[in-house]
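One-letter residues, chain by chain:
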Amino acid sequence: MNLYSLLVGDITQQDLLNYYNATITYEDMPLGIDGCVFCYSNINNIMINKNLSYYKKRKTVLHELAHIELNQLNQVNKDLFAFKVSKYEDEADKYVKFLLENVKSIKTG
């Protein structure tokens, strides 16, 4: 089970959330913060800015799930004070972009 399975419609978002033991909450967040993910008590908590558009919320959920799938949560905690967090943001963005492009090419090809 992975993001690709979600994007091609083999599983639902809830299936993937269950697989990753994750929850999503929609909260008021500061301007410029789309979302975040953190693990607490072995639950992956995804927070999404509730003021985003529908499309941006969906894209942000994919991005935060990418952090989980790429196993970045433990590494980010170790690197947080090393100022390497942007590396993980870029990696998650590139991963989601790669998946979306592959799904698009399969559907149009």
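Further up the page is the structure itself.
Residues numbered from 1 in each chain as written. Predicted model: local features only at pLDDT ≥ 70, side-chain atom pairs only at ≥ 80, totals over all residues. Heavy atoms only, no water.

We now examine the packing of aromatic side chains. Counting across every chain of the model gives 1 aromatic pair. A centroid spacing of 5.2 Å and a plane angle of 65° characterise the contact between Tyr-19 and Tyr-20, whose relative ring orientation is edge-to-face. (Phe/Tyr/Trp six-rings, centres within 6.5 Å; stacked < 30°, edge-to-face > 60°.)

Okay, the nonpolar core next. One finds Leu-3, Leu-6, Leu-16, Ile-46, Leu-65 and Ile-68 to be the most contacted residues of the largest nonpolar core, which totals 23 residues. Contributions of two or more residues to this core are made by α1 (3–7), α2 (13–19), β1 (22–27), β3 (43–49), α3 (54–69) and α5 (85–108). In terms of residue count, the dominant contributor to this core is α3 (5 residues). Once residues lying within four places of it in the same chain are set aside, the contact partners of Ile-68 are Tyr-20, Ala-22, Val-37, Asn-44, Ile-46 and Leu-73. (Core = buried A, V, L, I, M, F, W, Y, C linked by side-chain atoms within 4.5 Å. Buried < 20%, exposed > 50% of the residue type's maximum accessible area, 1.4 Å probe, protein only. Helix = DSSP H or I, 4+ residues; strand = E, 2+ residues; numbered from the N terminus. Contact = heavy atoms within 4.5 Å.)

The strand order across the open sheet formed by 3 strands is β1-β3-β2, and the pairing between neighbours is mixed. In this open sheet, the two strands that pair with only one neighbour each are β1 and β2 (35–40). Mean inter-strand twist for the sheet, computed between neighbouring axes without regard to direction, equals 20°. Judged from the 6 bridges that link them, β1 and β3 form a sheet pairing that is parallel. Directly across from Ile-24, in β3, lies its bridge partner Ile-46. Docked against the sheet, α3 engages β1, β2 and β3, running at close to 155° with respect to β3. (Pairing = 2+ DSSP bridges. Axes fitted to C-alpha atoms, helices over the stretch in contact; angles between N-to-C directions.)

Right, let's get into the pattern of salt bridges. Counted by the stated rule, this structure contains 2 salt bridges. In this structure, the salt-bridge partner of Asp-28 is Lys-50, at a minimum N-O distance of 3.9 Å. Linking Asp-28 in the loop between β1 and β2 with Lys-50 in the loop between β3 and α3, this pair joins segments that are 22 residues apart in sequence. For Lys-56, the salt bridge identified is with Asp-34, shortest N-O distance 3.2 Å. Linking Lys-56 in helix α3 with Asp-34 in the loop between β1 and β2, this pair joins segments that are 22 residues apart in sequence. (Salt bridge = Lys/Arg side-chain N within 4 Å of Asp/Glu carboxyl O.)

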